[in-house]
Amino acid sequence: MNYRIPILILAFIGTGLILISAGKEDGLGAFASTPLKWEIPKGFPKPPTNIFAKNKLTEEGFQLGRKLFYEGKLSKDGETSCGSCHQQFAAFSTFDHDLSHGVNNSFSTRNAPALFNLAWMREYHWDGGINHIEVQPLSPMLAANEMGETLDSVLFKLKKDTAYRRMFKAAFGDPAITSQRMLKALAQFTGSLVSANSKYDKVKRGEASFNAPEEKGYALYKANCAACHMEPLFTDYSYRNNGLALNRFTDIGRQQISGLAGDSLKFKVPSLRNVQLSYPYMHDGRIFSLPQVLDHYRLKINRDQPTLDPILQKPIVLSDREKNELLYFLYTLTDTSFTKNPRFAAPAPITIKH
Amino acid sequence: MNKAKLLLLTVILSGLIALLLPSFSVPAASARLRVHFVHTAAGKPLLQDSLYLNPFNETYSVSKLKYYVSNWHPGNKGSCFLINAFSDPVISLDIPPGQYESISFLLGVDSVHNSSGAQTGALDPLNDMFWTWNTGYVMFKLEGVSAASKSDLNRIEQHTGGYRSPFATMRQVNIVFPAGEKMEAGKTYDLNIEMNLDKYWKGANEIRIAEHPVITKPGNLAVMVADNFPGMFSFKSFLSH
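No experiment lies behind these values; they were computed from the predicted model shown.

Participant: Please set out the overall build of chain B residue by residue, giving values where relevant.
Facilitator: Of regular secondary structure, chain B possesses five helices and 14 strands. Within chain B, the fraction of its 241 residues that count as buried is 49%. For chain B, long-range pairs separated by at least 24 residues make up 71% of all intrachain contacts whose partners lie at least 6 apart in sequence.

Listed below in structure tokens is the structure:
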């Protein structure tokens, strides 16, 4: 088998030549990946897995992911981008909607969660049905009541677009547009959405201090909420039943994924960061304001459900004054440097040379 | 174009070093094994959209039959192929030379590849073997029509998948060579494996079309189907060239 080596040498020289000519002649610019450093914010734990270990974070990959996130072509009607349901000013939740608009006047059956600190999440969606950030976008893209597309059709549309061929080349070295590259680029954007600069964070870093009601609210939070909405991410990402009644879609949550009756009506504990901006609340957006959420915990928990979390079997007692103090604390979790970060906003339309 | 030349040089040099090193230490020498899947039903070759009787006397036809075969042993850990019964169901393996009594594979996709994010090749979600709402691959997909099916338009739609315990559906399949087979470096061999659909319906468990025309999620039913997988495959013939 000695002819193998000379053939390989020839193949490599050939590939090299093709690479050079590709750089010269496809008019799509060069492979110019600029590594990005992804830093764990001070006081945050190490993520359970490094989502960028096999998806090298680069400026070009991030920018491609950002463009894709705001891209109508990912949907059947050309308008329902990820960003249409996940709006930055609402911490990437759907502003003021219990359910979100999909294509053809359809609606999602769940509330669009705010998107941030996804790199710490082990499983995605309210029921944790999705096991990796890279495959998450397939769910909305292919769902008839969300973006209503097929993967073939999305790739076809992207391949026709010179701007995308240019950006895929810059990010991945050649202009091939594949599902894997598209998904990895999207994960570079969504995985980079880190929110860690609220007043609470500044207090923790010693750059600010709570006023008296906030300080009292913090204590009330620690006593009543922290067991599930754990610091510093304000969730432990577990699945629990917090005493909401079964909804009109008979959404049983985690049981749909695990197949276990003991998981009935359990949903992933959402983060309380930016909660002031991400109303309405809960997996179906049934509660429209934070004071009403607190009333749920004070007064309305369904204690007859067998899967109700044991922590909530014991009543949560809050006076009206304490309720307000707790609210003041929750407001300190709002991070406007995140919701106004221009790097996460829709990119300006790109002008294409030639 | 100085940058490009530098790039070219680096590519060639690093490529050569990477490739020459292993070829000096380990002689490139394996046998080539082509594995053909021969699909049968009711004792006849399985043809697309033709009528067959299953062991429960239910008539049916198959429009789609696709499944994953992965982690071939010997020598092909991590390999993964998507078999389409109606489109050239042949795969090629490089086997370390030796005398073998059997060959084995995993019917389905292992849990690592079910949870490693976006994949390419056989595992590209474009192949329509991927559940988007409950991450995981459909290990085995059979679609068709049967008068026994009470679902819409008499459809059969059986998508068997699930990788998480206790509802894991990938199964180890062992193909025994009745006389043992020797495979030598540099030679090509053909192995024919019969896949008998009768055993899909009736094996360790009974899957009646009348009862289960539609399977679309992980769970007990999918596990019952999966328990029939190992019995469906058997040695048919082995040829050397």
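The rest of the description comes next.
Participant: Describe the packing of aromatic side chains, naming the residues involved and giving the relevant values.
Facilitator: A complete count under the given rule lists 47 aromatic pairs over all chains for this structure. Each ring, one from Y52 of chain B and one from Y60 of chain B, has its centre 6.3 Å from the other, and the planes form 45 degrees; the classification is tilted. We note that Y52 of chain B, like Y60 of chain B, is buried. Taken together, the ring pairs connect F37, Y52, Y60, Y67, W72, F105, F140, Y200, W201, F229 and F233 of chain B into an aromatic cluster. The ring of Y218 of chain A carries the charged tip of K222 of chain A above its face, separated from the ring centre by 4.1 Å. Over the aromatic face of Y239 of chain A sits the side chain of R254 of chain A, whose NZ or CZ is 4.2 Å from the ring centroid.

Participant: Any chance you could break down the domain arrangement of chain A for me, citing the residues and the numbers?
Facilitator: All names here are of chain A. Its domain assignment divides chain A into domain 1 (2–195 + 338–353) and domain 2 (199–334). A separation of 31 Å is found between the C-alpha centroids of domain 1 and domain 2. Facing the 32 residues of domain 1 at the interface are 28 residues of domain 2. Interface area for domain 1 against domain 2, summed over the two sides, is near 2600 Å², with a carbon-plus-sulfur share of 57%. On inspection of domain 1 and its partner domain 2, the count reaches two salt bridges. When the shortest N-O distance is used, the salt bridge between E123 and R254 registers 3.9 Å. For the side of domain 1 that touches domain 2, the per-class residue count stands at 14 nonpolar, 12 polar and six charged.

Participant: Provide a residue-level description of the packing of helix α2 (residues 59–69) of chain A against helix α6 (residues 162–172) of chain A, including the pertinent values.
Facilitator: All names here are of chain A. Running from amino to carboxyl end, α2 crosses α6 at an angle of 145 degrees, the nearest separation of the two axes being 8 Å. In terms of crossing hand, the pair formed by α2 and α6 is left-handed. Contact residues: E60, G61, Q63, L64, K67 and L68 in α2; A163, Y164, M167, F168, A170, A171 and F172 in α6. Classifying every residue of the contact of α2 with α6 by side-chain character gives nine nonpolar, two polar and two charged.

Participant: Tell me about the nonpolar core, residues and numbers included.
Facilitator: Formed by 59 residues in total, the largest nonpolar core has its most connected members in L64, L68, L74, L158 and M182 of chain A. Those elements that place two or more of their residues in this core are α2, α4 (138–142), α5 (151–159), α6 and α7 (179–191) of chain A together with β8 (130–131) and β9 (136–145) of chain B. Considering every element that reaches this core, the biggest residue donor is α7 of chain A, with six residues. Discounting chain neighbours no more than four positions away, the residues touching L158 of chain A are L68, L74, Y164, I177 and M182 of chain A. Residues L107, I193, W201 and F238 of chain B belong to the second largest nonpolar core, which totals 47 residues.

Participant: Tell me what's going on with the environment of A348 of chain A, and back it up with residues and numbers.
Facilitator: Along the chain, A348 of chain A turns up in the segment after α13 (336–339). Remark: the alpha-carbon pair of A348 of chain A and R66 of chain A, spanning 282 residues in sequence, is separated by 11 Å.

Participant: Mind laying out the pairing of strand β1 (residues 31–41) of chain B, listing which residues take part and the relevant values?
Facilitator: Residue and element names in this part refer to chain B. Direction of pairing for β1 relative to strand β6 (residues 90–95): antiparallel, over a ladder of six bridges. Within β6, the position partnered with V35 by the bridge is I91. Where β1 lies against strand β12 (residues 188–196), nine bridges are found, and the strand directions are parallel. Opposite H36, over in β12, you have N192 as the bridge partner. Here β1 pairs with strand β2 (residues 44–45) via two bridges, running antiparallel. Counted as the bridge partner of A41 is K44 from β2. Taken together, β1 and the strand that follows it, β2, pair antiparallel across an intervening segment of two residues, in which A42 is found at a positive phi of about 50 degrees.

Participant: Outline the environment of M141 of chain A, supporting the account with residue identities and numerical values.
Facilitator: Residues and elements named next belong to chain A. On the secondary structure map, M141 appears in helix α4. Its relative accessible area of 1% is what places M141 among the buried residues. In the structure, M141 is positioned 10 residues away from L151 in sequence and 7.8 Å away in space, judged by C-alpha atoms. When near neighbours in sequence (up to four residues on either side) are disregarded, M141 contacts L74, M147, G148, E149, L151, V154 and M182.

Participant: Can you break down the packing of α2 of chain A against α7 of chain A residue by residue, with the values?
Facilitator: All names here are of chain A. With their axes 7 Å apart at the nearest point, α2 and α7 run at an angle of 95 degrees to one another. By the angle between their axes, α2 is roughly perpendicular relative to α7. When α2 is examined against α7, the residues G61, F62, L64, G65, R66, L68 and F69 are found in contact with a partner set consisting of M182, A185, L186, Q188, F189 and T190. Each residue belonging to the contact of α2 with α7 can be placed in one class, and the counts come to eight nonpolar, four polar and one charged.

Participant: Lay out the pattern of salt bridges with the relevant residues and their values.
Facilitator: Residue and element names in this part refer to chain A. Taken as a whole, this structure holds 29 salt bridges over all chains when the rule is applied. With a shortest N-O distance of 3.0 Å, R343 and E59 are connected by a salt bridge. Taken together, the residues R343 in the segment after α13 and E59 in helix α2 connect sequence positions 284 residues apart. By relative accessible area, E59 is classed as partly exposed at 22%. A salt bridge links R205 to E207, with the shortest nitrogen-to-oxygen separation between them at 2.9 Å.

About the criteria used
- Residues numbered from 1 in each chain as written.
- Chains lettered and ligands numbered in written order.
- Predicted model: local features only at pLDDT ≥ 70, side-chain atom pairs only at ≥ 80, totals over all residues.
- Heavy atoms only, no water.
- Helix = DSSP H or I, 4+ residues; strand = E, 2+ residues; numbered from the N terminus.
- Buried < 20%, exposed > 50% of the residue type's maximum accessible area, 1.4 Å probe, protein only.
- Contact = heavy atoms within 4.5 Å.
- Phe/Tyr/Trp six-rings, centres within 6.5 Å; stacked < 30°, edge-to-face > 60°.
- Lys NZ or Arg CZ within 6 Å of the ring centre and 35° of its normal.
- Domains from an automatic or database assignment.
- Buried area = accessible area lost by both parts, 1.4 Å probe.
- Salt bridge = Lys/Arg side-chain N within 4 Å of Asp/Glu carboxyl O.
- Nonpolar A, V, L, I, M, F, W, Y, C, P; charged D, E, K, R; others polar.
- Axes fitted to C-alpha atoms, helices over the stretch in contact; angles between N-to-C directions.
- Left-handed = near helix turned anticlockwise from the far one by under 90°.
- Core = buried A, V, L, I, M, F, W, Y, C linked by side-chain atoms within 4.5 Å.
- Pairing = 2+ DSSP bridges.
- Parallel < 35°, antiparallel > 145°, perpendicular 65-115°, else oblique.

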